[in-house]
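# Structural overview
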Amino acid sequence: MKYTFRSPGRINLIGEHTDYNGGYVLPAAIDKYTYITFEESDHFEVYSKYFDQRVRFSFNEKKEKVEWVNYVKGAVLYSLRGLRREPKPWKIEISGDLPMGAGLSSSASLIVGIVYALSRLGGVYRKREKIIKIAQKVESEFVGVKCGIMDQYAVAFGKKGSFMLIDTEINRVIQYVRALRFPKITVVDSGVKHELALSEYNKRRSECEKAKKIIATSFKRVNVQMLEEKRNKLGETLYKRARHVVEENNRVQSAVFAIEERDWKDLGRLLYESHESLKDLYEVSTEETDFIVERLSKIKSVYGARMIGAGFGGSILAISKDYFDDDLKKISNEYKKAFGINMKSYHIRLAGSVRRI
Ligand code: GLA
């Protein structure tokens, strides 16, 4: 007997690098998926269609040599280790159309998908809140990426046609924001993934920790004027990081208003502002992503665009009145000329959460 689960990727409309700073984020699950099939077996084994690789693994804490297998092994291990009986082994197959390394959370999609599936396939039954926590632990402890909680939330709680406003201070979806007559959404994958991403991500986290100690309260409770008063104490770098977080939190709230008012121009302006801030204050953008955002801003149909995800490459999100595939072709040619890299793009719709199909 085979059981298949479908787990979405995610975009984040706005609220970048706020989820580990007790701030607001506004992500959504998307119609690009990881498919995970489970078949009963006498040993654990996983096949990835993307890597066209089959790996057998044991139920123990040891890391596997093949990097991608650790996402799967970690998810299996952390899901089943509380079990009082011998865990039932599975043959797992992974496929899907969610691009990897494009900043669309293919890792959270895979890990949440497996933890969810095992909790429904006779493992320990768990609520989605718990599934999210386990998935985050897999990524931060077993795989070694200290991520926030946004991606797991989006995968586990996404609702078709809605963004979700999450307050990461209380770890809760505080509002589903219906995207009625919402502009078209395009994701452009820059094809760039810098090695630096992981170390710089962790560095930003610790810079923000230091800034928080100096301002002595959470980022949500300070405004720019209060930051100015502490500017000397903070020093230039911490000031810039804190300023991004404080203003980005405000932008998320303004974005919710803009969606409710269907003021797409204003929403677009917020996206551009977010990008500028990620570039100049948080310093996680790259030449390539800046190039794409700048070119997109010249297209009439485009309301706004910005880099999404951790940064140092990855994807750009654009919202527009209509799709603009011809313009994208032109940008893609220019991009190839400037950087020698192939740019890819995807039309995106907001989808529901992980489920069995
Ligand atoms: C990565 C992390 C998220 C979040 C973003 C930046 O995608 O996995 O938790 O921190 O970066 O907003």
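Here the structure is a predicted model, which is why all the values come from computation and not from measurement.

## Considerations on the side chain of R204
- Checked against the element boundaries, R204 lands in helix 5 (residues 197-215).
- On the basis of relative accessibility, which here comes to 3%, the residue R204 falls in the buried class.
- A distance of 2.7 Å separates a polar atom in the side chain of R204 from the backbone oxygen of Y282.
- When residues no more than four places from it in sequence are discounted, the contact partners of R204 are Y20, R241, Y282, E283, V284 and F312.

## Quick word on a nonpolar patch on the surface
- Nonpolar side chains collect at one region of the surface, where Y50, F51 and M100 lie side by side and expose about 320 Å² of accessible area between them.
- Structurally, the position occupied by Y50 is in the loop between strand 4 (44-48) and strand 5 (53-57).
- Take Y50: its relative accessible area is 59%, and that puts it in the exposed class.

## A closer look at the site of the ligand
- Residues in close proximity to the ligand include R10, E16, H17, D19, Y20, C147, G148, M150, D151, Y201, G309 and A310, which together make up its full environment.
- Contact between the ligand and Y201: an oxygen atom at 2.6 Å from a side-chain N or O atom of the residue.
- A310 is positioned such that a nitrogen or oxygen atom in its backbone is 3.4 Å from an oxygen atom of the ligand.
- Class assignment for the residues of the shell around the ligand results in five nonpolar, three polar and four charged.
- Split by domain, the residues of the shell around the ligand number at least three in each of domain 1 (2-179) and domain 2 (184-348).

## Things to note about the domain arrangement of the protein chain
- Under the domain assignment used here, the protein chain contains domain 1 (2-179) and domain 2 (184-348).
- Averaged C-alpha coordinates put domain 1 and domain 2 at centres separated by 24 Å.
- Counting from both sides, the interface comprises 38 residues of domain 1 and, opposite them, 45 residues of domain 2.
- For the pair domain 1 and domain 2, the summed buried surface comes to about 3,200 Å²; carbon and sulfur atoms form 63% of the total.
- The largest share of the area that domain 1 buries against domain 2 comes from I14, H17 and Y20, three residues that together contribute 21% of it.
- At the boundary of domain 1 and domain 2, one finds four salt bridges.
- E16 is paired through a salt bridge with R306; the nearest N and O atoms lie 2.8 Å apart.
- Our count for the domain 1 to domain 2 interface comes out at 20 residue pairs in polar contact (both at pLDDT 80 or more).
- Contributions of two or more residues to the side of domain 1 that touches domain 2 are made by strand 1 (2-12), strand 2 (24-25), strand 3 (27-40), strand 7 (162-167) and strand 8 (172-178).
- Tallied by class, the residues present in the side of domain 1 that touches domain 2 amount to 17 nonpolar, twelve polar and nine charged.

## What to know about the packing of helix 2 (residues 106-120) against helix 4 (residues 150-157)
- Put simply, helix 2 and helix 4 touch, their axes get as near as 9 Å, and they point 55 degrees apart. Here helix 2 lies oblique to helix 4, going by the angle between them. Where helix 2 crosses over helix 4, the handedness of that crossing is right-handed. Touching A108, S109 and V112 of helix 2 are D151, Q152, V155 and A156, all from helix 4.
- Of the residues contributing to the contact of helix 2 with helix 4, the split by class is four nonpolar, two polar and one charged.

## What to know about the sheet that holds strand 6 (residues 90-96)
- Taken together, the six strands give an open sheet; going across it, the order is 5-4-6-3-1-13, and neighbouring strands pair in mixed fashion. Sheet topology places strand 5 and strand 13 (355-356) at the edges, where each strand pairs with a single neighbour.
- Strand direction decides the pairing type here: strand 4 and strand 5, joined by five bridges, are antiparallel. Its bridge partner being in strand 5, V46 is matched across the sheet by V55.
- In the packing of helix 1 (residues 69-80) onto the sheet, the strands contacted are strand 4, strand 5 and strand 6, and the crossing angle to strand 5 comes to about 35 degrees.

## Let's talk about the environment of R172
- For R172, the location among the structural elements is in strand 8.
- Between the alpha carbons of R172 and I11 there is a distance of 18 Å; along the sequence they are 161 residues apart.
- In this structure R172 touches Y153, L165, I166 and D167, once residues within four positions along its chain are discounted.

Each value, and the rule that gives it
- Think of each chain on its own: its residues are numbered from 1, step by step along the sequence as written.
- Restriction of local features to residues with pLDDT of at least 70 applies here, the model being predicted, together with a cutoff of 80 or more for giving and counting side-chain atom pairs; totals for whole chains, interfaces and linings are based on all residues.
- As a rule here, side-chain values cover all heavy atoms of the structure and leave hydrogens and water aside.
- Here a strand is any run of E in DSSP of at least two residues, a helix any run of H or I of at least four, and the numbering for each starts at the N terminus.
- Think of it in three bands: residues with accessible area under 20% of the maximum for their type are buried, residues over 50% are exposed, and the middle band is partly exposed, with areas taken using a 1.4 Å probe on protein chains only.
- N or O atoms within 3.5 Å of each other form a polar contact, as long as, within protein, one can give a hydrogen and the other can take it, and as long as residues adjacent in sequence are counted only when both atoms are side-chain atoms.
- Any two residues having at least one pair of non-hydrogen atoms within 4.5 Å are treated as being in contact.
- Note on patches: the residues involved have over 30% relative accessible area and no salt bridge, like charges join within 9 Å, and the nonpolar side chains Val, Leu, Ile, Met, Phe, Trp and Tyr join within 5 Å.
- Reported accessibility uses the Shrake-Rupley method at a 1.4 Å probe radius. Residues are deemed covered only where the shown protein chains occlude them.
- For salt bridges, the criterion is a side-chain nitrogen of Lys or Arg within 4 Å of an Asp or Glu carboxyl oxygen.
- When we say a residue is near a molecule or strand, we mean one of its heavy atoms is within 4 Å of it.
- Amino acid classes used here: Ala, Val, Leu, Ile, Met, Phe, Trp, Tyr, Cys and Pro are nonpolar; Asp, Glu, Lys and Arg are charged; the rest, including Gly, are polar.
- Domain extents, as shown, originate in an automatic or database domain assignment.
- Put simply, buried area is how much 1.4 Å-probe accessible surface two parts lose in total, over both of them, once they are put together.
- The axes are straight lines fitted to the C-alpha atoms, using for helices just the contacting stretch, and the angles between their N-to-C directions are given from 0 to 180°.
- Oblique is the label for any angle not covered by the other classes, which are roughly parallel (under 35 degrees), roughly antiparallel (over 145) and roughly perpendicular (65 to 115).
- For any pair of crossing helices, the crossing counts as left-handed if the nearer helix is rotated counterclockwise from the farther one by less than a right angle, and right-handed if it is rotated clockwise.
- Any two strands with at least two DSSP-identified bridges between them are counted as paired.

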